[in-house]
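# Structure assessment
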Amino acid sequence: MALLLLVIVVAIGLAFFAAPLWVWFVAVALFLLGCGVSYFWFVPLALVAVVFLHKPTRVKLITQNLFKFIEKKGLLPKISDTEKIALRAGDVWVEGELFSGKPDFKKIFENPYPRLTEEEQAFIDNEVNEVCAMTSDWEVFESRDLPEEVWKYIKEKKFFGMIIPKEYGGLGFSAYGHSCVIEKLASHSQVLAITVMVPNSLGPAELLLHYGLDTQKDYYLPRLADGREIPCFALTEPEAGSDAGAIQSDGVVFKNDEGEVKIRLNFDKRYITLSSIATVIGLAFVLKDPQNILGEGKERGITCALVDAKKEGVDQTQRHDPLNVPFVNAPLLGKDVIIGLDDVIGGESGLGNGWRMLMESLAVGRGISLPSTSTGGSKLATYVSSTYSVVRYQFGLSISKFEGIAEVLGRLGASTYVLDAAKTFTLGAINAGKKPAVANAIMKYHSTEMFRKNVMDAMDIQGGAAISRGPRNLLAHAYFGAPVAITVEGANIMTRTLIMFGQGMIRCHPYAYAQIEALEAGDVKAFDTLLFAHIGHVVRNKARYYVLGITRGYVHVSTSKGKAGRYEQKLAWASAKFAFLSDIALGLMGASLKRRESVSGRFGDILAQMFFITAALKRYEEEGRQKSDVVFLEIAVEDAFGKIDVAFRGILKNLMPGIMGIPFRFLGFVSRINPMGKTIKDASLHHIATLLCEDDKIRERVCSNIYMGERPTQLLEATHAMQEIKELLDREKKEERLTQSEKKQLQEARVLQHEIITVDAFSHDDYFRRKTQKA
């Protein structure tokens, strides 16, 4: 028994520390020697060692046959050319570490954390505040448009040129600076934020900067920067939504009467922001050359071009109405629109390269635009909820004192804290020139889902005041816009089930994509090296999964201290389990893994929550390990580990059916009795609520960079006033005598309180006049 235990311990130790293959053979030989086994048994051991350790022999006897079998059975996923372009579009960042099963936390936490430049901060403090002051979100909804003076201001101040370098007349902001502008605008008016966001996202400027000819850049970029040109980008079609590769709009190459080579465009686009007012249209279409005029074949593929909106055949006469949110969004039609080859982005070198342009641009854009609007909206929701809760009284108490309200406030605060952390962490990578495609997909999906949940929680706290529209209501319009963010830049269901893990497994796994490439290239030697490295990887992660699970992560040596260090230990455990089960799923399902979207989605959930935990730990360290942040970190991280536990149990329960699934269901049972997460303490949620309601500095830090307009300022003033009269209210209840100045203070506070709890109402005439005007 002791000998068996020793063998198990040694085997696990070798696997845990990723001992090379020759060490395993030496260990077996020593074991046989120690057991006094006949020397006869060393002969087959030596033969096996030669087969596995001598690469030419191993390739000939093992790998070649396995190579043919895998090819024949299609055990590894096949990747189309369009998928390859999408996979190569971004970089592998910290997602690769989390996928490895043994993340290098020192390397992870050394990633840069962005800061605003003085110029960016000044722009936010001045121009952004000014445009917010000029914009009444209520009037925007009533008039169905931004005021003319706002349009003029955002053009003059180059809001549309944040990503355009100064040499072309733009502002040349960093990704973080760009994000903070959008975030603050979104805290005041989502219509204003979307209007500014889109020209700085996927569109003509972005594409020209990376792929445009110098002549195209010199002409268009200065005009885009100062608003002389209003851009849009037309990608989505009736038959091509999330499946952008299914574009049917086409451009046919022909020669006109003068013998010049031209392209005749016919397109039917929808959901295109700014399209009905755009002066220059970025258009994605399939290029066809039926007469092979260009000499490169009849089907050239997806191409991106710039189309002058004034060209004959362009139809900008319609508008969509996305949930009554009045940002400019519309169909865009084109019938026999003629453009030249020099209108193609990149000229002739851009012909057929549009899919690569789109994927590379989206790989970055998903991490900036929607995470910024979602974070701004979440900060607004947290600010409004925490201040309103202090001011609103029921049953003689501030509603912030009710545990039900405090629970929701605590959840809101922790959610906003970790969302801001993840957004900032990701932008640090983008600032450094990386294109973290998988992390950006995680941010797109989870930021918009978290914002949807956060704004609903905030509305629950405000109750009737949140659903009664009018100038006083700060939440309703943000609530209307939440589903819009869910659908754009890749619908969330698709992002979760196909991109986060489906592409992440291939892109971020240390060996999977390289193995597929070796298979496709017929390179048996490269495949052999990768295969045995992959096997070693699986064995190591299996050992790490068991050891870290048995010890609950305590054997991992943390780079952090205190609670943060303990969370890092559990994150190492989660990574090992995730990496091992990912390989098991790939091995069991092979090419069919892409179609097992429910399983894939759960793996994506785990990867995302590990990423959010990493971001929260990074923020905690970067902001000086503040004592008040411990409870925010605790709730955010324990909530994430709880979601990881649920996802692992779902995977193990559904990985294989019937008898084959019994071992996995047993592991699921073990996961239930040995969870990573802890039950969230009510006291911790209530503590966050108290901090947000009573400590201005903490509230300002969690809800930083929101626009403090008239209504938010009134909320803050009323909050201070009600906090200052708490003792007077208690004395008044006890019918104690108050001085005249104390009575005056009570009266002034109640006036402020009354203004905050008052909701807007309209006369019948005004109400029906508004309906008529909108119609």
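These numbers come from a predicted model, not from an experiment. (Residues numbered from 1 in each chain as written. Predicted model: local features only at pLDDT ≥ 70, side-chain atom pairs only at ≥ 80, totals over all residues. Heavy atoms only, no water.)

Attention now goes to the packing of aromatic side chains. Following the criterion strictly, the structure yields 24 aromatic pairs and no others. Between Phe99 and Phe501, the ring centres sit 6.0 Å apart and the planes meet at 15°, which makes this aromatic pair stacked. Taken together, the positions of Phe99 in helix α6 (residues 94-100) and Phe501 in helix α21 (residues 492-508) put the pair 402 residues apart, joining distant regions of the chain. Across the pair, exposure class does not vary: Phe99 and Phe501 are buried alike. Ring centres of Phe611 and Phe612 lie 6.2 Å apart, and the angle between their planes is 85°; on these two criteria the pair is classed as edge-to-face. Each member of the pair, Phe611 as well as Phe612, carries the same accessibility label: buried. The ring of Phe254 carries Arg264 above its face, with NZ or CZ at 4.1 Å from the centroid. If you follow Arg566 out to its NZ or CZ, it ends over the ring of Tyr554, 3.7 Å from the centre. (Phe/Tyr/Trp six-rings, centres within 6.5 Å; stacked < 30°, edge-to-face > 60°. Helix = DSSP H or I, 4+ residues; strand = E, 2+ residues; numbered from the N terminus. Buried < 20%, exposed > 50% of the residue type's maximum accessible area, 1.4 Å probe, protein only. Lys NZ or Arg CZ within 6 Å of the ring centre and 35° of its normal.)

What follows concerns the pattern of salt bridges. Within this structure, the stated rule accounts for 36 salt bridges. For Arg115, the salt bridge goes to Glu622, with nearest N and O atoms at 3.5 Å. Pair noted here: Arg115 is in the loop between α7 (105-109) and α8 (118-134) and Glu622 is in helix α25 (residues 597-622), with a separation of 507 residues, a long-range link. Across the salt bridge formed by Lys453 and Asp457, the nearest N and O atoms sit 3.5 Å from each other. Note that Lys453 and Asp457 are positioned in helix α18 (residues 437-462) at a spacing of 4 residues, about one turn of the helix. It is possible to trace a salt-bridge network through shared partners that takes in Glu183, Lys379, Asp420, Lys423, Arg619, Glu623, Asp629 and Arg701. (Salt bridge = Lys/Arg side-chain N within 4 Å of Asp/Glu carboxyl O.)

A few words now on a nonpolar patch on the surface. Judged by side-chain polarity, Leu21, Trp22, Val26, Leu30, Leu33, Tyr39 and Leu53 come together as a nonpolar surface patch covering roughly 750 Å² of accessible area. Examining the composition of the nonpolar patch, we find that 5 residues originate from one element, helix α2 (residues 21-34), more than from any other. Positionally, Leu53 belongs in helix α3 (residues 42-53). (Patch = residues over 30% accessible without salt bridge, like charges linked within 9 Å, V, L, I, M, F, W, Y side chains within 5 Å. Areas by Shrake-Rupley, 256 points an atom, 1.4 Å probe, with all protein chains shown as cover.)

This part is about the pairing of strand β5 (residues 299-308). Counted residue by residue, β5 has 7 buried out of 10 residues, so it is predominantly covered. Bridge count between strand β4 (residues 280-288) and β5: 9 bridges; the pairing is antiparallel. Its bridge partner lying in β5, Ile281 is registered against Val307. (Pairing = 2+ DSSP bridges.)

Attention shifts here to unusual backbone geometry. It is generally the case that most residues other than glycine have a negative phi and that most peptide bonds are trans. Phi at Arg625 is positive, roughly 50°, even though this residue is not glycine. Relative to the elements of secondary structure, Arg625 occurs in the loop between α25 and α26 (630-654). Looking at Arg625, the relative accessible area reads 31%, which means it is partly exposed. For Glu735, which is not a glycine, the phi torsion comes out positive at approximately 60°.

Moving on to the environment of Ala86. In this fold, Ala86 is placed in helix α5 (residues 81-88). Filtering out sequence-adjacent residues up to four positions away, Ala86 remains in contact with Trp355, Met359 and Gln503. (Contact = heavy atoms within 4.5 Å.)

The next point concerns the packing of helix α11 (residues 175-186) against helix α16 (residues 369-391). Two elements in contact, α11 and α16, have axes whose closest approach is 7 Å; the angle formed by their N-to-C orientations is 40°. By the criterion of interaxial angle, the relationship of α11 to α16 is oblique. The handedness of the crossing between α11 and α16 comes out as right-handed. On α16, the residues that touch Ser179, Ile182, Glu183 and Ala186 of α11 are Ser369, Ser372, Thr373, Thr375, Gly376 and Lys379. Taken together, the residues of the contact of α11 with α16 sort by class into 2 nonpolar, 6 polar and 2 charged. (Axes fitted to C-alpha atoms, helices over the stretch in contact; angles between N-to-C directions. Parallel < 35°, antiparallel > 145°, perpendicular 65-115°, else oblique. Left-handed = near helix turned anticlockwise from the far one by under 90°. Nonpolar A, V, L, I, M, F, W, Y, C, P; charged D, E, K, R; others polar.)

Regular strands place their side chains on alternate faces of the sheet. Here strand β2 (residues 250-255) pairs with strand β3 (residues 261-273) via 6 bridges, running antiparallel. Its bridge partner being in β3, Val252 is matched across the sheet by Arg264. Count of turn residues in the β2/β3 antiparallel hairpin: 5 residues, of which Gly259 carries a positive phi of about 80°. The pairing of β2 with β4 spans 3 bridges and is classified as parallel. In the strand pairing of β4, Asp250 is matched with Val286.

We now examine the nonpolar core. Counting residues in each nonpolar core, the largest one holds 118 residues, and the members touching the most others are Phe578, Met610, Phe611, Phe632 and Phe641. Among the nonpolar cores identified, the runner-up in size contains 64 residues, and Val128, Met162, Leu171 and Ala309 belong to it. (Core = buried A, V, L, I, M, F, W, Y, C linked by side-chain atoms within 4.5 Å.)

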